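Residue strings, one per chain:
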Amino acid sequence: MNDPIKHVAITGGTHGNELTGVHLVRHWQSQPAEVRRSSFSTELHLTNPRAIKKVRRYIDQDLNRQFSIQDLKNPELKSYEQQQAKSLDALLGPKENPRVDFIIDMHTTTANMGMTLVFNSSDPLVIGMAFYIKQKMPHATLFYEPVDRLGHNFLTSIGRIGGFLIEVGPIAQGLLNYQVYSDTQKAVLYALDYLEKRNTGQPLDLPKEMAGYQFIEKIPLPENSEGEITAMVHPNLQDKDYHEIKPGDPLFITLAGDTIVYDGETSVYGAFINEAAYYDQHIGLSFMKSIKINLENSGSENYG
Ligand SMILES: [Zn+2]
């Protein structure tokens, strides 16, 4: 069992064009009672102010890839987001011995992923939170990508127990949409309720296991020898996040209209399908596998 949670940070605007989290932080800054709980402190932070002001994902680099322990300790890294990551590490961390126990980072996606809870830890506290939110909001999808906390480059990795990304879509970059806003708001409030119940020893009544998806790999868009994109997501796959992709199913369609199929040997599931933010890296989608996530046997992976 972990120590009680004493300090929670809710963060928005890590990507400056994902307005839901930006405006939820502003809302809660004006209505702090909504996120106040008796057994821990809640703090609110807009994490990438210059990108928020410009309504851009980032100024120099993706902020949510700058938090590995090696990069935080590297004095040569001086871009805006690299410096911002170091400031946030000083404010919330430091990563090796963090002040803040848990970070809830709010994101949106242009992909049709509904309300997705992305968690990188197999710690029972984190898995239990995902289960609790899914119990309350059954349309939520559990997206599990276990990663070693110290090596991980996400903002949430500077929390003592890591944290949690709430990733809601589809929504265009730079937009607000009330359904997305209110789903994100509810999920964060349930996360706080869960921590409060856990801290104060109230019964949680969680299932032993729940269905979810585990990240396998990112799949690049086809390119020519000059590194230009030569194909796009196939219309049969568009908006089909978390649907099964069987061997031989269409993945991409070339500029000339030719279909490129999935040539793997086992079925996978798609996520972040045609995510606008991944065009800079020519990523078409992520492959996931369908899994059962177990609460009792969790905590075995190295997430120190
Ligand atoms: Zn984001």
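Residues numbered from 1 in each chain as written. Predicted model: local features only at pLDDT ≥ 70, side-chain atom pairs only at ≥ 80, totals over all residues.

1. Some words on helix H1 (residues 19-30)
Helical geometry: 3.6 residues make up each α-helical turn, so side chains three or four residues apart lie on a common side. So the rule is basically this: Counting from the N terminus, the helices are the DSSP runs of H or I reaching at least four residues and the strands are the DSSP runs of E reaching at least two. In a helix, the anticipated span is given by 1.5 Å times the number of residues less one. To sort residues by exposure, count the other C-beta atoms lying within 10 Å of each residue's C-beta; 20 or more gives buried, 12 or fewer gives exposed, and values between give partly exposed, all with C-beta atoms placed from the backbone. For every residue pair, C-beta atoms are placed from the backbone, and the pair is scored as a contact if these atoms sit within 7 Å.
Across its 12 residues, H1 extends 17 Å between first and last C-alpha, which sits within 8% of the 16 Å expected from 1.5 Å per residue. Every buried residue of H1 is accounted for by Leu19, Thr20, Gly21, Val22, Leu24, Val25 and Trp28. Residues of H1 that are buried sit in contact with strand S1 (7-12), strand S2 (41-46), helix H2 (49-54), strand S3 (102-108), strand S6 (163-169) and helix H6 (178-199).

2. Side note on the domain arrangement of the protein chain
Threshold: An automatic or database domain assignment supplies the start and end points of every domain. Asp, Glu, Lys and Arg are counted as charged, while Ala, Val, Leu, Ile, Met, Phe, Trp, Tyr, Cys and Pro are counted as nonpolar; the rest, among them Gly, fall into the polar class.
What the domain assignment lists for the protein chain is domain 1 (7-207) and domain 2 (216-288). Computed from C-alpha coordinates alone, the two centres of domain 1 and domain 2 are separated by 27 Å. Opposite the 10 residues of domain 1 that make contact, domain 2 presents 10 residues. Residue composition of the side of domain 1 that touches domain 2, grouped by class: 3 nonpolar, 6 polar and 1 charged.

3. A closer look at the environment of Thr42
Of note, Thr42 is situated in strand S2. When the C-alpha positions of Thr42 and Ile103 are compared, they lie 9.8 Å apart, and in sequence the two are 61 residues distant.

4. Description of the nonpolar core
To keep it simple, the criterion reads: To form a nonpolar core, buried Ala, Val, Leu, Ile, Met, Phe, Trp, Tyr and Cys residues must be joined through C-beta atoms within 7 Å.
Membership of the largest hydrophobic core comes to 74 residues, with the highest contact counts inside it found for Ile104, Leu117, Ala130, Phe164, Ile166, Ala191 and Ala271. Here this core takes 8 residues from H6, the largest share from any one element. Mapped onto the domain boundaries, this core takes at least three residues apiece from domain 1 (7-207) and domain 2 (216-288). With residues near it in sequence (within four places) discarded, Leu117 still touches Ala130, Ile133, Ala140, Leu142, Phe143, Phe164 and Ile166.

5. Things to note about helix H4 (residues 80-92)
The terminal C-alpha atoms of H4, which comprises 13 residues, lie 18 Å apart, in line with the 18 Å expected from a rise of 1.5 Å per residue. Residues of H4 that are buried include every one of Glu81, Gln84, Ala85, Lys86, Leu88, Asp89 and Leu92, and no others. Against S1, helix H3 (69-72) and S3 lie the buried residues of H4.

6. Structural notes on the sheet that holds strand S8 (residues 231-233)
Consider a sheet: its strands pair through backbone hydrogen bonds, and that pairing is either parallel or antiparallel. Heads up, the condition is: In short, DSSP must find at least two bridges between two strands for them to pair. Lines fitted to C-alpha atoms define the axes here, with helix axes fitted over just the stretch in contact, and angles between the N-to-C directions of these axes take values from 0 to 180 degrees.
Read across the open sheet, the 3 strands follow the order S8-S10-S11; overall the sheet is antiparallel. What marks the edges here is a single partner per strand, and that holds for S8 and strand S11 (259-261). The average angle at which neighbouring strand axes cross in this sheet is 35°, direction not considered. Relative to strand S10 (residues 250-254), S8 runs antiparallel, the two being bridged by 3 bridges. Of the residues in S10, the one forming a bridge with Val233 is Phe252.

7. Notes on the sheet that holds S6
Strands sit in the order S2-S1-S3-S6-S4-S5-S7-S13-S12-S9 across an open sheet of 10 strands; the sheet is mixed. At either margin of the open sheet sits one strand with a lone partner, and together these are S2 and strand S9 (244-245). Summarising the sheet, strand S5 (residues 141-144) and strand S7 (residues 209-220) pair through 2 bridges and their orientation is parallel. In the strand pairing of S7, Tyr144 is matched with Gln214. Seen against the sheet, H1 touches S1, S2, S3 and S6 and runs at an angle of roughly 130° to S1.

8. Some words on unusual backbone geometry
In this model, Gly93 is joined to Pro94 through a cis peptide bond whose omega is 0°. Within the secondary structure layout, Pro94 lies in the loop between H4 and S3. Cis geometry is adopted by the peptide bond preceding Pro170, which originates at Gly169 and carries an omega value of 10°. Its identity is not glycine, yet Asp239 carries a phi of approximately 70°, on the positive side. Relative to the helices and strands, Asp239 resides in the loop between S8 and S9. Phi at Phe272 takes a positive value of approximately 50°, unusual for a residue other than glycine. Secondary-structure assignment places Phe272 in the loop between strand S12 (268-271) and strand S13 (283-294). Looking at Phe272, the number of C-beta atoms within 10 Å reads 26, which means it is buried.

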